[in-house]
Amino acid sequence: MSSSDLLCGEDSSVIFSEYGSDSPEYSSDRESLPPEVEDSIAQLLEDERTLAGITSRRTAEPIYAAARCESVTWILKVQRYYGFQPLTAFLSVNYFDRFLHSHRLPKINGWPLQLLAVACLSLASKLEELVIPTLLDLQVGDAKFIFEPRTIQRMELLVLKVLDWRLRSVSPFCYLRFFSMKIDPSGTYSTFIAYKAKDIILTTIREISTIEYKPSCVAAAATLCAASNLQDLSFAELWRDGLHKDGIMSCYQRIHEISMKTELQVMSLSNSSDASSPLYKRRRLTDELV
């Protein structure tokens, strides 16, 4: 079987037909700003308001939610496979969500979403990674469709146009060190809290759109979850002017629910695995004989 036999044969022209080919400049995320500096955090919050421009649309379509979760899961698999930064994965999903918010694909699942995920990951990796795999090599992680590089490049251009070439984005990771130091001013556990919060964010973006909450709200909520702080969350609003208690509490609740659901799924898989093991079966047989 030749490599061309594996390429997706769908007609991608139905996606690209509306747009031309301008190419303005763009810049990367501002994660490098020192989070311990109050002025830097104030500037991030200001940039967050300026760049927001988009409000999330909640959807009750299970097909959309399931298809989105599948695409985001694939992005995270590739991020782990190549050792990309967490920021690369977050930006990929952010482009993905913003594109779907602003543009209607011919199909809400299947190959168009896979092509979109590949293009978004490719764009984010070009901004944030020093070593970038080829477009064909990027399509790992049990990708259901394999696209030609020229098809991905055309999709990248469409994504850039739909996003108005605004690839710069304030991410929740910008705030984590600052918020973790607010919870633990001594610095004893702040690094661990920030690291755990980063994992929480990557886990929850499978189910929470990156445009549903402001990055600062996501960061504050994830930091509180990482610190296992189940007390009154209103004090988080005092960390910095510009933070909003309602948004933080709402996001915290969503993250907590997702974490609980994930834990139950892990326990269920663990119990199922134990029940099918020979040792469990021998122990059960022994108990019955007694």
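Look up: the structure comes first, before these words.
Residues numbered from 1 in each chain as written. Predicted model: local features only at pLDDT ≥ 70, side-chain atom pairs only at ≥ 80, totals over all residues. Heavy atoms only, no water.

> Describe the packing of helix 8 (residues 190–204) against helix 9 (residues 215–226), and please don't skip the residues or the numbers.
Where helix 8 meets helix 9, the axes come as close as 8 Å, and the angle between the chain directions of the two elements is 115°. Read as a crossing pair, helix 8 and helix 9 show a hand that is right-handed. Contact with helix 8, carried on its side by I193, K196, A197, I200 and I201, involves V218, A222, T223, C225 and A226 of helix 9 and no other residues of that element. Of the residues belonging to the contact of helix 8 with helix 9, the class tally is eight nonpolar, one polar and one charged. (Axes fitted to C-alpha atoms, helices over the stretch in contact; angles between N-to-C directions. Helix = DSSP H or I, 4+ residues; strand = E, 2+ residues; numbered from the N terminus. Left-handed = near helix turned anticlockwise from the far one by under 90°. Contact = heavy atoms within 4.5 Å. Nonpolar A, V, L, I, M, F, W, Y, C, P; charged D, E, K, R; others polar.)

> So what about the pattern of salt bridges? Which residues, and what values?
Applying the stated rule across the entire model yields six salt bridges. Taking the shortest distance from any N to any O, the salt bridge between R150 and E148 comes out at 2.9 Å. We classify E148 as partly exposed; its relative accessible area is 27%. (Salt bridge = Lys/Arg side-chain N within 4 Å of Asp/Glu carboxyl O. Buried < 20%, exposed > 50% of the residue type's maximum accessible area, 1.4 Å probe, protein only.)

> Hey, could you go over empty space enclosed by the protein for me, with residue numbers and the actual values?
Applying the stated criterion across every chain, the model contains two cavities of 30 Å³ or more. Of the voids in this model, the largest cavity is the one considered here, and its volume is about 90 Å³. Forming the walls of the largest cavity are F90, P172, T204, I205, I208, S209, T210, Y213, K214, P215, V218 and I255. A class-by-class count of the residues in the lining of the largest cavity yields eight nonpolar, three polar and one charged. (1 Å grid on protein atoms, 1.4 Å probe; cavity = no way out; pocket = protein on both sides within 12 Å on 5 of 7 lines; lining within 4 Å. Points joined across faces, edges and corners; volume = space filled by probe spheres on them.)

> I'd like a description of the nonpolar core, backed by residues and values.
Core analysis: the biggest nonpolar cluster contains 79 residues, and Y95, F99, L116, M155, V159 and Y175 have the highest contact counts within it. The element contributing the most residues to this core is helix 5 (residues 111–128), with 12 residues. If sequence neighbours within four positions are ignored, Y175 has contacts with I41, L44, L45, E48, V170, P215, S216 and A219. (Core = buried A, V, L, I, M, F, W, Y, C linked by side-chain atoms within 4.5 Å.)

> I'd love a proper account of the packing of aromatic side chains, names of residues and values included.
One pass over the structure, following the stated rule, counts six aromatic pairs. Between the aromatic rings of Y175 and F179, the centroid separation amounts to 5.6 Å while the plane-to-plane angle is 10°, which identifies the pairing as stacked. As far as the burial class goes, Y175 and F179 line up, both buried. Considering the side-chain rings of F178 and F179, the 5.7 Å spacing of their centres and the 55° angle between planes classify their relative orientation as tilted. A relative accessible area of 3% means that F178 is categorised as buried. Looking at F179, the relative accessible area reads 1%, which means it is buried. Feature note: the residues Y81, Y82 and F84 constitute an aromatic cluster, connected by ring pairs. (Phe/Tyr/Trp six-rings, centres within 6.5 Å; stacked < 30°, edge-to-face > 60°.)

> Account for unusual backbone geometry, with residues named and values stated.
The phi torsion at D164 lies on the positive side, around 60°, for a residue other than glycine. Topologically, D164 is positioned in the loop between helix 6 (149–162) and helix 7 (176–183). Of note in this structure, W165 is not a glycine but carries a positive phi near 60°. By the element assignment, W165 lies in the loop between helix 6 and helix 7.

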